[in-house]
Each structure stands twice: as C-alpha cells, then as structure tokens.
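A closer look at the structure
Each chain, letter by letter, is given below.
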Amino acid sequence: MSHAIWEGYISIGLVNIPVKIYSAISSSALSFRLLCKKCHTPLKYERYCPKCKKHVRWDETVKGYELTKGEFVVLEDKDFEHVKLESKKKLEIEFFTHEYDIDPLYMNKSYYVLPERGGEKAYLLLKEILQITSKVAVGRVIIKNRERVAMLRPFKQGMLLTTLHYIEDILPIESFPGLNISERVSREELELAKELVRRYTKPFHLEKFRDRYKEALMEIIKKKARGEKIRPVELEIKETKDLMKALKASIQIKKK
Amino acid sequence: MKLWDTCIRPMLAKKAKPFDSDAWIFEPKWDGTRCIAFIDCEKKYIRLQNRRLLDITNRYPELKLFEDCDCKKAILDGEIVVLKHGRPDFYRLQEREHQEDIGRIKLISRVMPAVYMVFDILFFNGKELLHVPLIERKDLLDRVVSDSKRMVKTMFIDTYGKRFFESARKKGLEGIMAKYKASSYEIGKRSSNWLKIKASNTMDCIICGYTLGHGKRSRYFGSLVLGCYKDGKLVHIGDVGTGWDEDTMKYIHERLKRIETKQCPFKEFEDTGKRICWVKPSMVCEVEFLELTSQLKLRAPSFKRLREDKIGRECIIEY
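Each chain has its residues counted from 1, running along the sequence as written. In the order they appear in the text, chains get letters beginning with A and ligands get numbers beginning with 1. Confidence filtering applies because this is a predicted model: local features only for residues at pLDDT of at least 70, side-chain atom pairs given and counted only at 80 or more, and all residues used for totals across whole chains, interfaces and linings.

Take the overall build of chain A next. Secondary structure elements follow DSSP: runs of H or I no shorter than four residues count as helices, runs of E no shorter than two count as strands, and numbering proceeds from the N terminus. When its secondary structure is counted, chain A shows five helices and eleven strands. Any residue surrounded by 20 or more other C-beta atoms within 10 Å of its C-beta is treated as buried, while 12 or fewer makes it exposed and the intermediate range makes it partly exposed; C-beta atoms here are placed from the backbone. Looking at chain A residue by residue over its 256 residues, the buried ones come to 11%.

This is the structure:
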C-alpha cells in the first residue's frame, strides 16, 4: 500500500466526512537511468547558464513565462503565494449527476477515497445513496496545488474519486482533418457489420491484456543480468561450420 | 493434390547402432524443431510447418529463407535450431517455442535468432522430388541453397558411419543420422531408409501427473509422472525428478495446473502412497535414461526438454 496523498474532508451540506485519498494507479512502466557509455556511471544533471558561463543552484533560479520568443515575464515564489487557493483540504460536493454525462475522455486520474476514524458511517451512507440512486457526486478539490473538478462514485466496497480535465485542455475533434466524408453507408453494409459485431462481442476482461513490450524488454534485462552475452548469429554459424569441417576432416585423416 | 498447397508430414527415422556402408551417407543429428519450409522466392513468401503440421511461420520471423534460395519455388526439410557456441541449444530453442505474442517474438528473435539447418529438398520450381534418389536431392539442394545467417546446409559424409559417430559424439553432438543414398522421400513414414544413431538413450514421454515437492520445490512439484503408449495402451513408465532449473520447473508447473484432472490416465497404476496430481496426458517431454528395466520402467531418468512439437500419440516405447 502506498502513502495517502491527501487527507481532509468530503463536505456535503453541513456534514464533513474525514477521509484519506490514495492513488489508485501505480505505473509499472520500466524506467531507466541514463549512464555514461564509457564507464556506466549515472549522469549528474546540472543547470548551466550559457550567458554567465556557470552552473546555477536551485536558489539562484526564478520561473519565466515566455510572452514572445526570448521575452519573459518573471515570476518569483511570492507571486505564486498570491494565487494559492484556500489550502484547506476539502472536497466540496456541489451537485449530483448521472455518470454517463461524464465522458471517459474527461477523466484524468483516479484515487481511492477511504474513511478516517469517526467518518465511517457518513461515508457508508454517501456511498450507498450514490449506489441506490445511480448517481455520482461532483465537486472541486485541490490536489498538488491545482484545483481540479472531480467526481466521486461508489467502487466495490468503497469510493473512487476521479479528477477531470478542464474543457480548455481537451482538443475538439473538429480541429483535425479527415471527417468531411461524402460517402454514405448502405443498409446492407450496416447489416453485415452488425452481424460481425454481434459475432465478436464478448465480456471485457482487462487482465487478459498484458504489456508485451515491457515483458519482452524485461526478458532481455533478465538475460543480460544473468551475464549471458548476446553473440552475433554470424559467429555462432561460423562455429557450426567449423564443427562440420572438423567432423569431415576427422573421417579423412582416418581413411589414409 | 499438389505438394505445394499441402502440409507435409516429415519422413522419420528408426533407431540403429553405428555402422559402415558405402550405400549410405551420414550427417549430424541436430537437436531442434523439425520444420518443412515452403519458399516462394518471387513473392518473397515463406511458410514454416512443424511435424504436427502446425504453421510456425510467425514464431520465427527472422527465417526469411527466400533470400537464400536460387529458385522460383522450393520445399525444404530441415531442423530449426538456436545455436550456442556453434551447437544447437535446446534451452534457447525452448524459449523461442514458448513465445506467443508478436511483440515479444520480435525482440527475442534478435537476442536468440534461430537458424534453419537444411538437409533435404522435396520440391523445386514446380517439380516434385519425392522419388528422386536422396543423393541427387542432396546435389540439387547444394546448388539451390546458399548458406547465410538464417540457413546452413547440413554436411554429410560417405561410408564411414562408425568413425563419424565417434567424432560427432566427441564434439558433443547428440548423435548422427544415416540415410540410404538411393532412398526416396517417404512422407510421414518412420522408414528404415533413415536411421538415427544416438549417443545417449532418450525417450519422449507423456507427462501424466506430478507429485508435490518439498522444501525449495514446494511451490512447484517434486517429480513428473511419465507415461508412454505400448500396444495402444497408456502405461506408467516411471517418474523423473531431476534435470530442470527453477524457471523450467515454474513454467511446466503453470502449464500443468491448467490441465489438471481428477482422473488417473492409466488403466493400471501401482499406488505407492505418494500423493499425485493427475493431468490430462497431453504434454510431451524428452528424458534421458540409463536403460529400460525388464518391467519397462526408466532407470535413472533425467528431464531433457519439453517437446512442443510432439503429440502424446507419438510417444511409443521403442525398445
């Protein structure tokens, strides 16, 4: 189990439910360190100012917003302080809605929400009422210094919080070329396609899909870790041919 | 039906002891997967088929043998091997045979590329060669195929089988093949025109069950219960408890769990009190052993490898 990334309250009407939230996803992607090719030492990253011609420490840096090329509006830590939102850890439920009104495209990250001491009963009530009414709760929450729209829904024995993207982050499909299709599909084609879909419909089980790339890469890592050198096949074949030559020669010597 | 469009059951060999004869040729016996290759050089097309007639083309994407043939169309017979220090390595081959998905096959094919050790040609530019004498087929094979990093022609020598067997054994090969020069290619037949002369006793057996393991093996199994067919009946031929590493054990265990059954597959079985998990008699493995006892039981068996290319029905007591 990983650490709680957030601790606070679900606030609904006059009720506050103390909860903790945990990330529901742990990335299993392989990560690599960048090494020096020659001596295999992990590389050290340094910030270098090409104008002052020197390395810069973190406390010697500020952030810049690029207005036009090469022209920056400089922001310092105190500027960020000014826009800090109410940092109380609170998930304020604003309304309820149908889950199918929220397109999967909107969904960003998912977190498990678990009750803290004293909040168990209210937590259970909220979960069950969402279940019974088939609704999800929508609210806003600050996670990692950014305010997010989020939906809260029942999940197995508990609840799941999913943050949503802002509309400005979603690219409209109309902004991409290719959808000015002039052809029409016929009824027969539709019927045929329908039959195809019917025949290939089956329940979805995520566990049946595996990360093949990662597994194959892992295989190679394991091999190399065991110290098995990968020899070029040309070299192997040369040895096979040498073997056959030696076999042939052994007969000829004895014939004499 | 034309040979080109069919599946071909490869010609098989009987067991024999080393001998000399000028009517015969002798070649190394490669430890690999038997494979018939259908090659169309004009279309740059290849189809690989194993002895169970299964299409294994996708398993070996690196075997683009049409690059190495000087012909329009040809059907070749040979053995797919993965080499290690110039010799076929069946552990590596096994890794290749277990791969199912394309992404992984591609990567592994670069790390452990397979090589096709070709030894026969059955079809050339529209002409079937099944009744052409072996020695003439060998001659044609030599002209059609050039050695590459994908395919190597199997050498052969004339007459001196005994000496050849001795040298091959010393070089660490599992044995030699003897082939009658004037023989035709007998599809699907275990013929006495082809003989296998092996350095050690090995037998293909069906895994019929496993006993639970102790200590380090408690997660997998202690030994495998083996069976073979005799006069059409599946009989218990012994148990093997050695010869594998942990990875192999884990892999076999996973496969066996999927085919577990309550029913003992033998009609007669002498219960020794050991707890046995029975499995559907479908997985074949090769074991090495000292000798077969008079009760037809394996003496000192040791596991050699899984034989993915064999089916249970092929496991017949040959001794």
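Still more to cover.
For the rest of this paragraph, the subject is the overall build of chain B. Broken down by element type, chain B carries five helices and 20 strands. Within chain B, buried positions represent 40% of all 319 residues. Here the contact rule is simple: place C-beta atoms from the backbone, and any two residues whose C-beta atoms are within 7 Å are in contact. Across chain B, contacts joining residues at least 24 apart in sequence account for 66% of those joining residues at least 6 apart.

In this assembly, 22 residues from chain B lie in contact with 24 residues from chain A. Looking at the side of chain B that touches chain A, the elements with two or more residues in it are helix 2 (102-111) and helix 4 (161-170) of chain B. In terms of residues, the side of chain B that touches chain A owes the most to one element, helix 2 of chain B, which gives five residues. For this classification, Asp, Glu, Lys and Arg are treated as charged, while Ala, Val, Leu, Ile, Met, Phe, Trp, Tyr, Cys and Pro are nonpolar and the rest, including Gly, are polar. Tallied by class, residues from the side of chain B that touches chain A come to 13 nonpolar, four polar and five charged.

With that settled, consider the sheet that holds strand 2 (residues 15-23) of chain A. All names here are of chain A. Any two strands with at least two DSSP-identified bridges between them are counted as paired. Taking strand neighbours around the barrel as the criterion, the seven strands line up as 1-2-8-11-10-9-7 in a closed arrangement whose pairing is mixed. If you compare each strand with its neighbour and ignore which way they point, the axes differ by 40° on average. Pairing of strand 1 (residues 6-12) with strand 2, which is carried by seven bridges, proceeds in the antiparallel orientation. Looking at strand 2, one finds that Ile10 is bridged to Ile17. Simply put, an axis is a line fit to the C-alpha atoms, just over the touching stretch for a helix, and the angle between two N-to-C directions goes from 0 to 180 degrees. Of the strands in this sheet, strand 1, strand 2, strand 8 (107-115), strand 9 (136-143), strand 10 (146-155) and strand 11 (158-164) are in contact with helix 2 (residues 120-133), which crosses strand 2 at around 80°.

This next bit is on the environment of Gly8 of chain A. All names here are of chain A. Mapped onto the fold, Gly8 is located in strand 1. Gly8 sits in the partly exposed class, given 19 other C-beta atoms within 10 Å. C-alpha separation for the pair Gly8 and Pro115, spaced 107 residues apart in sequence, amounts to 10.0 Å. Sequence-distant contacts of Gly8, that is, excluding residues within four places in its chain, are made with Val19, Lys89, Lys90 and Leu91.

All names here are of chain B. If you look at the biggest cluster of nonpolar residues, it comprises 62 residues, and the most contacted ones within it are Phe26, Ala37, Ala74, Val81, Val115 and Tyr116. Tallying contributions element by element places strand 7 (residues 114-124) first for this core, with ten residues. Not counting residues within four places of it along the chain, the set of residues in contact with Val81 comprises Trp30, Asp31, Gly32, Pro88, Leu93, Ala114, Val115 and Met117. By size, the runner-up hydrophobic cluster in this structure holds 28 residues, among which are Phe221, Val225, Val284 and Cys315. In plain words, the nonpolar core is the set of buried Ala, Val, Leu, Ile, Met, Phe, Trp, Tyr and Cys residues that C-beta atoms within 7 Å link up.

What follows concerns the environment of Val111 of chain B. Relative to the elements of secondary structure, Val111 of chain B occurs in helix 2. When the 17 C-beta atoms within 10 Å are taken as the criterion, Val111 of chain B is described as partly exposed. If we skip the residues at most four places from it in the chain, Val111 of chain B touches Ile220, Lys223 and Ile230 of chain A.

On to the pairing of strand 2 of chain A, then. Each regular strand shows side chains that alternate between the opposite faces of the sheet. Residue and element names in this part refer to chain A. In this structure, the hairpin formed by strand 1 and strand 2 is closed by a connection of two residues, where Gly13 is found at a positive phi of approximately 60°. Looking at chain direction, strand 2 and strand 8 are connected through five bridges and run antiparallel. Of the residues in strand 8, the one forming a bridge with Tyr22 is Tyr112.

Let's shift gears to unusual backbone geometry. A positive phi angle, near 45°, is found at Lys156 of chain A, a position not held by glycine. Assignment of secondary structure puts Lys156 of chain A in the loop between strand 10 and strand 11. Exposure remark for Lys156 of chain A: the 8 C-beta atoms within 10 Å place this residue in the exposed category. A positive phi angle, near 50°, is found at Ala300 of chain B, a position not held by glycine. Here Ala300 of chain B shows up in the loop between strand 19 (298-299) and strand 20 (302-306).

Before going further, it helps to spend a moment on the confidence of the model for chain B. Residues and elements named next belong to chain B. Summary of the metric used: pLDDT quantifies the predictor's per-residue confidence within the range 0 to 100. Averaged over every residue, the pLDDT of chain B is 90; the share at 70 or more is 99%. Per-element confidence in chain B ranges from a low mean pLDDT of 78 for helix 2 to a high of 97 for strand 7. Among the scores for the predicted complex, ipTM is 0.75 and pTM is 0.58.

Let us look at the sheet that holds strand 2 (residues 21-28) of chain B. All names here are of chain B. One open sheet accounts for five strands, arranged 1-12-11-2-10; its pairing is mixed. The sheet terminates laterally at strand 1 (12-15) and strand 10 (157-159), the two strands that pair on one side only. On average, adjacent strands in this sheet sit at an angle of 40° to one another, irrespective of strand direction. Relative to strand 10, strand 2 runs antiparallel, the two sharing three bridges. Bridging across to strand 10, Phe26 finds its partner in Ile157.

To continue, consider the pairing of strand 10 of chain A. All names here are of chain A. In this structure, strand 9 lies alongside strand 10, joined through seven bridges in antiparallel fashion. Counterpart to Ala137 in the pairing with strand 10 is Leu152. Pairing geometry for strand 10 and strand 11, over seven bridges, is antiparallel. Considered in strand 11, the bridge of Arg153 is made with Leu160. In textbook terms, the turn of a hairpin is the stretch between consecutive antiparallel strands, and for strand 10 and strand 11 this stretch comprises two residues, one of which, Lys156, has a positive phi near 45°.

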